[in-house]
Amino acid sequence: MTQRALDSFGEQPDSVKTSPAPAPPGGLTTAEVAERVARGEVNDVPVRSSRSVTEIVRANVLTRFNLIIGVLWVIMLSVAPIQDSLFGFVILANTGIGIVQEWRAKKTLDSLAVIGEAKPTVRRDGASVEVSVSGIVLGDLIELGPGDKAVVDGTVVEADSLEIDESLLTGEADPVVKRPGDPVMSGSFVVAGGGAFTATKVGREAYAAQLAEEASRFTLVRSELRSGISTILKYVTWMMVPTAIGLIVSQLVVKDNNFKDSVARTVGGIVPMIPEGLVLLTSVAFAIGVIRLGRKQCLVQELPAIEGLARVDVVCLDKTGTLTEGGMDVTEVRPLNGSDEGYVRRVLGALGASDPRPNASLQAIIDAHPDDKGWDVTQAMPFSSARKYSGAAFTEGGGDASAWLLGAPDVLLPADDPALAETVHLNEQGLRVLLLARVRGGLDAPDPASGAVPAALVVLEQRLRPDAGETLAYFGDQDVAAKVISGDNAVSVGAVAQKLGMPGAGHPVDARRLPEDRDAMASEIERNAVFGRVTPQQKRDMVGALQSRGHTVAMTGDGVNDVLALKDADIGVSMGSGSEATRAVAQIVLMDNSFAALPSVVAEGRRVIGNITRVATLFLTKTVYSVLLAILVVCFQVEYPFLPRHLTLLSTLTIGVPAFFLALAPNKERAQPHFVRRVMRYAIPSGVIAAAATFTTYLVARHHYAGTGALDAETSAATLTLFLVSMWVLAIIARPYTWWRVALVATMGLCFLVVLAVPWLQDFFALKLVGTTMPWAAAGIAAAAAAVLEFAWRVVGRRFRP
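Below or above, wherever it landed, is the structure these notes cover. Computed from a predicted structure; not experimentally measured. (Residues numbered from 1 in each chain as written. Predicted model: local features only at pLDDT ≥ 70, side-chain atom pairs only at ≥ 80, totals over all residues. Heavy atoms only, no water.)

## Digging into the nonpolar core
The line we're drawing: Definition used in this section: a nonpolar core is a set of buried Ala, Val, Leu, Ile, Met, Phe, Trp, Tyr and Cys residues joined via side-chain atoms within 4.5 Å. Only protein chains enter the accessibility calculation, which uses a 1.4 Å probe; a residue whose area is less than 20% of its type maximum is buried, one above 50% is exposed, and one in between is partly exposed. Residues count as neighbours in contact if any of their non-hydrogen atoms are within 4.5 Å of one another.
Grouped together as the largest cluster of nonpolar side chains are 124 residues, with contacts concentrated most on Leu309, Met502, Ile612 and Phe752. The residues contacting Phe752, other than those within four sequence positions of it, are Leu649, Leu650, Leu653, Thr719, Leu720, Phe723 and Leu767. If you look at the next biggest cluster of nonpolar residues, it comprises 26 residues, including Ile485, Val509, Ala522 and Ala565.

What follows is the structure, encoded as structure tokens:
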């Protein structure tokens, strides 16, 4: 698809709004902008962080199971008392809760998305102004700098060593040098230099604008939880259809009972087969997770990313902006080879002034050595993560010409240069060191660094994030391996990591010595924790190497050199102050730039997936015993033992209410794979045991009771057994016990006792235990079933230990 998009880049269908004329150097005037807005030539592609309210309502209301239950509800309203139709009101409440929670999550996402929205700089009326993406009009002159993403298609008008990365569209990792007249594609981003381009395609109808929307998401997070629930629901549907048909035939044709009573018991057998609350609780858990994270200024751009980060076992951290704050301070300038310190400082000031968009290192130099404006820039080479240096050529005040490079000493100097020993000593203290070197040839030489003469070392101190140490310690406690992957000197990166107490930081690895073979690279990465001098492509390769070993990898970053790795990682995390390109490709954006928010995201993901796994077992246990009871009724040719009101009561007390609280409880267990297998290996034996115990009680009661009211007495005894067994399943799932979990289970049991004890509730739910022999027998059968349940769960737990 990507290649087809590229092949079609030059095509301009009639419906696409295009402008072949380049914008004037000063940009459009206010009048021209207003004229284009009136013509509808605006970039009106909607950028939404979540689905619309209409889509939310449709997704929660128009479901397969809501349709089934809706039909059954209408039938029950026409043939049975209102208490047998309670399940329909429960579904209405569930649907309403789902809509409200997802709408709240949408509001949270949308408000954060507005805060973090890209603000391209356009030139209008001769001045540079920031506008929203939707505020761009056809023919606008849009300025570009390092980290900026092209949000519309256009043609380059100005280029100052402009290099654009189109890898998200083409897969080609090497940046493309752009010159005036070259096309700019939406979805690409600037890695070096600057310039401006004229918007030639805007609007939702533009083909390349559609590409931009796709490129900002290019890969969706795989949600095992959602796909697993979909698989379960598919199997449930397959089981339901033949079982329901058999039950209908059995109750309406084979048994010659009262028609309305037969219909009620048939519906009572079909409704509990549907795990209707499972999808609701999953949506609610995700939605509440988004709301909780939103309060901590975390923008979750893809909902399943919460789940994905819970499965992470390796987190790759970029040092700058993650472990350290963005700013730096120049602490010392050390002249080399007899260079004059005053002259060196003038060179540094001129270099700072030569770059209109300085990075953090150059900004520190600008702050320490302002330009005295005596030199003219004749040529500039912006900083690139791939080459590790920047440069500029000048005409000095006296007319002399000179060219300079500023960058990594171990890249600019040969391995035996004595200045490197001094650099290593400084790096060991956690200081960042840049080399200022004079170029012998020109900046346009094939290798301008070749033969460069060292002039000075610039020593920078990095500001550690105060919360970084605690965050690294958290990952260590949670068995999540942290890897620092940085483009800086390995020794310096290791020293910073050591200050933060990171295990393995004392043995940093220079990535230039990493093997190219993926398997060998993976082994080296697994053995070590800190890596320096990593190129952007290497970051991507390192993520892939870890994934090839079965690791789930999260990558954090804030600069353009992190984009490729963020793209390929299972979960990409960007800082809110990071480049526009990194925010576009990340699934999670930390709006307040706090690395300390990551533990909250991990914890929220673990809470969601761990708790949904728990409560899914409750729902599917009900599905299994409902299907088996229906099959047993058909085989034994007896009345179905329950009316809908009985199963509504049981479902509410043993599943619905407890599951809601359990789904929102704290849970710090790391998410395990194979959701469907993990749930079904417990749900199937639990459902089988519950069905066997309940049907045994029912058969015994049929032989014990006779005469008028016998069926009601048999139903009450069977209900007691099913309730007690279901409560035991709940008690097992609620472990490990805390005071509120014990209180929850006890409260549900107390509610059932109230129903049995209060006369009007007995009548409402048609539950009345007759005599003492059968109720005690029902309790005894339930106790035996509970013992078998305990044994079965322990066997499954030992056999399928994670």
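Let's pick the thread back up.
## Observations concerning the side chain of Lys483
Worth spelling out the cut-off: Helix and strand assignments follow DSSP, with helices taken as H or I runs no shorter than four residues and strands as E runs no shorter than two, numbered in order from the N terminus. When charges are counted, Lys and Arg are positive and Asp and Glu negative, with His and the chain ends excluded. Each salt bridge in this description consists of a side-chain nitrogen of Lys or Arg and a carboxyl oxygen of Asp or Glu lying within 4 Å of one another. Identification of polar contacts relies on pairs of N or O atoms within 3.5 Å, with a donor-acceptor requirement for protein atoms, meaning one able to donate a hydrogen and the other able to accept it, and with residues adjacent in sequence counted only if both atoms are side-chain atoms.
Here Lys483 shows up in strand 17 (residues 481-485). Among buried charged residues, Lys483 stands out as having no salt bridge; its nearest opposite-charge side chain is Glu526, 7.7 Å away. Among the polar contacts made by the side chain of Lys483, one reaches the main-chain carbonyl oxygen of Glu526 at a distance of 3.4 Å. Filtering out sequence-adjacent residues up to four positions away, Lys483 remains in contact with Val314, Val315, Cys316, Leu317, Met502, Ile525, Glu526, Asn528, Ala529 and Phe531.

## Section: helix 19 (residues 536-548)
Which entries qualify depends on this criterion: Multiply 1.5 Å by the residue count of a helix minus one, and that product is the helix's expected span.
Across its 13 residues, helix 19 extends 19 Å between first and last C-alpha, which sits within 8% of the 18 Å expected from 1.5 Å per residue. All buried positions along helix 19 are accounted for by Pro536, Gln538, Lys539, Arg540, Met542, Val543, Gly544, Ala545 and Leu546. Elements that come into contact with the buried residues of helix 19 comprise strand 10 (314-317), strand 17, helix 18 (518-527), strand 19 (530-532), strand 20 (553-557) and helix 20 (563-568). Gly550 occupies a position one or two residues after helix 19 and carries a positive phi of about 85°.

## Observations regarding the packing of aromatic side chains
How we decide: Any two of the Phe, Tyr and Trp rings considered here, Trp counted by its six-membered ring, make a pair once their centres fall within 6.5 Å; the pair's planes then place it as stacked at under 30 degrees, edge-to-face at over 60, or tilted in between.
This model, assessed by the stated rule, comprises 10 aromatic pairs. Aromatic pair Tyr474 and Phe475: ring centres 5.8 Å apart, planes at 65°, arrangement edge-to-face. Judged by its relative accessible area of 3%, Phe475 falls in the buried class. Summarising the aromatic geometry, the rings of Phe764 and Phe765 are spaced 5.0 Å apart at their centres and angled 80° between planes, so their arrangement reads as edge-to-face. A residue is classified by how much of its surface remains accessible, and Phe764, at 26% relative accessible area, is partly exposed. The exposure class assigned to Phe765 is buried, which follows from its relative accessible area of 10%.

## What about the pairing of strand 21 (residues 571-575)?
The following threshold applies: When DSSP locates at least two bridges between a pair of strands, those strands are taken to pair.
Among the five residues in strand 21, five count as buried, and that is most of the element. Pairing geometry for strand 20 and strand 21, over four bridges, is parallel. By the bridge assignment, Gly557 is partnered in strand 21 with Ser574. Pairing geometry for strand 21 and strand 22 (residues 588-590), over three bridges, is parallel. Within strand 22, the position partnered with Met575 by the bridge is Leu590.

## Quick notes on the sheet that holds strand 20
Cut-off, in case you're wondering: For every element, the axis is a line fit to its C-alpha atoms; helices are fit only across the contacting stretch, and the angle between N-to-C directions ranges from 0 to 180 degrees.
Spatial ordering of the open sheet is given by 9-22-21-20-10-17-19-18, a layout of eight strands whose pairing is mixed. Looking at which strands have only one partner, the edges of the open sheet turn out to be strand 9 (298-300) and strand 18 (509-510). Bridging between strand 9 and strand 22 involves three bridges; their strand directions are antiparallel. Bridging from a neighbouring strand, Val300 pairs with Ile588 of strand 22. Taken strand by strand, helix 19 contacts strand 10, strand 17, strand 19 and strand 20, and its axis lies near 160° from that of strand 20.

## Brief notes about the packing of helix 22 (residues 598-636) against helix 23 (residues 644-663)
Our working rule: Here roughly perpendicular refers to angles of 65 to 115 degrees, roughly parallel to angles under 35, roughly antiparallel to angles over 145, and oblique to all remaining angles. Under the scheme applied here, ten amino acids are nonpolar (Ala, Val, Leu, Ile, Met, Phe, Trp, Tyr, Cys and Pro), four are charged (Asp, Glu, Lys and Arg), and all others, including Gly, are polar.
Across the interface, helix 22 lies against helix 23 with an axial gap of 9 Å and an inter-helix angle of 175°. Taken together, the axes of helix 22 and helix 23 are roughly antiparallel relative to one another. Contact residues: Arg607, Asn611, Val615, Leu618, Phe619 and Lys622 in helix 22; Ser651, Thr654, Ile655, Ala659, Leu662 and Ala663 in helix 23. Residue composition of the contact of helix 22 with helix 23, grouped by class: seven nonpolar, three polar and two charged.

## Points about the side chain of Asn611
Within the fold, Asn611 resides in helix 22. From its side chain, Asn611 meets the backbone oxygen of Leu662 in a polar contact 3.2 Å long. Not counting chain neighbours up to four residues away, the residues in contact with Asn611 comprise Arg606, Leu662, Ala663, Leu664, Ala665, Pro666 and Asn667.

## Brief notes about unusual backbone geometry
A cis amide bond links Arg735 to the next residue, Pro736, at an omega of -5°. When you line up the elements, Pro736 lands in the loop between helix 25 (710-733) and helix 26 (739-757). The backbone phi angle of Asp479 is positive, close to 60°, even though this residue is not glycine. Relative to the helices and strands, Asp479 is located in the loop between helix 16 (468-477) and strand 17.

## With respect to the environment of Ser132
Topologically, Ser132 is positioned in the loop between strand 3 (127-130) and strand 4 (141-144). Taking relative accessible area as the criterion, Ser132 reaches 21% and is therefore assigned partly exposed. When the C-alpha positions of Ser132 and Val122 are compared, they lie 9.9 Å apart, and in sequence the two are 10 residues distant.

## Digging into the pattern of salt bridges
Applying the stated criterion across every chain yields a total of 23 salt bridges. The salt bridge partner of Glu422 is Arg334, with a shortest N-O separation of 2.8 Å. You can see Glu422 sitting in helix 15 (residues 419-427) and its partner Arg334 sitting in strand 11 (residues 324-335), a full 88 residues away along the chain. Residue classification places Arg334 among the partly exposed positions, given a relative accessible area of 22%. Close ionic contact of Lys567 with Asp568 constitutes a salt bridge, the shortest N to O distance being 3.3 Å. Take Lys567: its relative accessible area is 17%, and that puts it in the buried class. The exposure class of Asp568 is partly exposed, given its relative accessible area of 27%. Where salt bridges share partners, they join Asp410, Asp510, Arg512, Arg513 and Arg533 into one cluster.

Function-wise, these values are silent; they only describe arrangement.
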